[in-house]
Amino acid sequence: MSEISKFFTDNKDLLTIIVASFAGLVALGTFIKAILEYRLQGRQKRAELFDKFKTTLKTEPRIVNINSQLEDDHETLAEIPLIDRYYFLGYYEQIAIAVNSGLIDKDVAHYMFGYFALRCWDSKHFWNGINRQSYYWSVFKKFVDTMQELENRNLKKSGLIKLWDNLTGRSNFKY
């Protein structure tokens, strides 16, 4: 028994360093795991938000109706109640806010939602009774401008841009 106590007495500084190092490694490992879990949780929430927007796009009758008529700028768009057209614009503004806050990648937003936002902006009949240039639609307008930039970029990709997109993962539509 005295040999063990002598060992601890002689090596108490070394043992203190070993115990402190072990505790530090455990704390560092816990911290890294917490960061990874936090990031995973953020990805899951972004995926859920994206799924909510996608589901609304495909199931909300007001949006489905307007989208189907925007395809050829049908004259009956002007007859859709203003409240339904406001709902449509508000829905796209929610997507724009999610893009601006980084919750949805703008390339993903372009791929999933950009087409009908662009069709809406170019529509003659949708805006009947709505001032398209009003400040109240500025978020929608900025979203449309961003979607148009991406549309132009995708249509006129040079080899260098394609290479850059492949390196950065833009062509994979990550969110």
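As shown above, the structure is provided for reference.
Residues numbered from 1 in each chain as written. Predicted model: local features only at pLDDT ≥ 70, side-chain atom pairs only at ≥ 80, totals over all residues. Heavy atoms only, no water.

Participant: How should I be thinking about the packing of aromatic side chains in this particular structure?
Facilitator: Both the distance between ring centres and the angle between the ring planes are used here to describe each pair of aromatic rings. Tallied over the entire structure, the rule returns 16 aromatic pairs. Measuring from ring centre to ring centre gives 5.1 Å for Tyr-115 and Phe-116, while their planes differ by 80 degrees; the resulting arrangement is edge-to-face. Between Tyr-135 and Tyr-136, the ring centres sit 5.8 Å apart and the planes meet at 70 degrees, which makes this aromatic pair edge-to-face. Each residue in the set Phe-50, Phe-53, Phe-88, Tyr-91, Tyr-92, Phe-113, Trp-121, Phe-126, Trp-127, Phe-140 and Phe-143 is aromatic and connected to the rest through ring pairs, giving one cluster. Directly above the ring of Tyr-115 sits Arg-119, whose terminal nitrogen or CZ lies 5.0 Å from the centroid. (Phe/Tyr/Trp six-rings, centres within 6.5 Å; stacked < 30°, edge-to-face > 60°. Lys NZ or Arg CZ within 6 Å of the ring centre and 35° of its normal.)

Participant: Quick question: what am I supposed to make of the nonpolar core here?
Facilitator: The nonpolar side chains of soluble globular proteins are, as a tendency, buried together. Among the nonpolar cores identified, the biggest contains 35 residues, and Tyr-92, Ile-95, Phe-113, Phe-126, Trp-127, Phe-140 and Phe-143 are the most heavily contacted of them. Mapped by element, the contributors of at least two residues to this core are helix 2 (12-59), helix 3 (61-70), helix 4 (82-100), helix 5 (106-122) and helix 6 (138-155). Leaving out residues up to four positions away in the same chain, Phe-126 has contacts with Ile-66, Leu-70, Asp-73, Leu-77, Arg-85, Phe-88, Leu-89 and Cys-120. (Core = buried A, V, L, I, M, F, W, Y, C linked by side-chain atoms within 4.5 Å. Buried < 20%, exposed > 50% of the residue type's maximum accessible area, 1.4 Å probe, protein only. Helix = DSSP H or I, 4+ residues; strand = E, 2+ residues; numbered from the N terminus. Contact = heavy atoms within 4.5 Å.)

Participant: I tried to follow the side chain of Glu-93 on my own but got confused; where do I start?
Facilitator: Take Glu-93: it is sitting in helix 4. Salt bridges are absent for the buried Glu-93, whose nearest opposite-charge side chain, Lys-142, sits at 10 Å. If near-sequence neighbours (up to four positions away) are discounted, Glu-93 is found in contact with Tyr-136, Trp-137, Val-139 and Phe-140. (Lys, Arg positive; Asp, Glu negative; His and termini not counted. Salt bridge = Lys/Arg side-chain N within 4 Å of Asp/Glu carboxyl O.)

Participant: Honestly, the pattern of salt bridges in this entry has me stumped. Any pointers?
Facilitator: Two side chains bearing opposite charge may form a pair once their charged atoms approach each other closely. Under the defined criterion, the tally for this structure stands at 4 salt bridges. Among the ionic pairs, Glu-60 bridges to Arg-62, the shortest N-O distance being 3.0 Å. Overall, Glu-60 belongs to the buried group, its relative accessible area being 18%. The salt bridge partner of Asp-122 is Arg-119, with a shortest N-O separation of 3.5 Å. Taken together, the residues Asp-122 and Arg-119, both in helix 5 and 3 residues apart, mark about one turn of the helix. Accessibility expressed as a relative area gives 52% for Asp-122, which makes it exposed. For Arg-119, a relative accessible area of 25% puts it in the partly exposed group.

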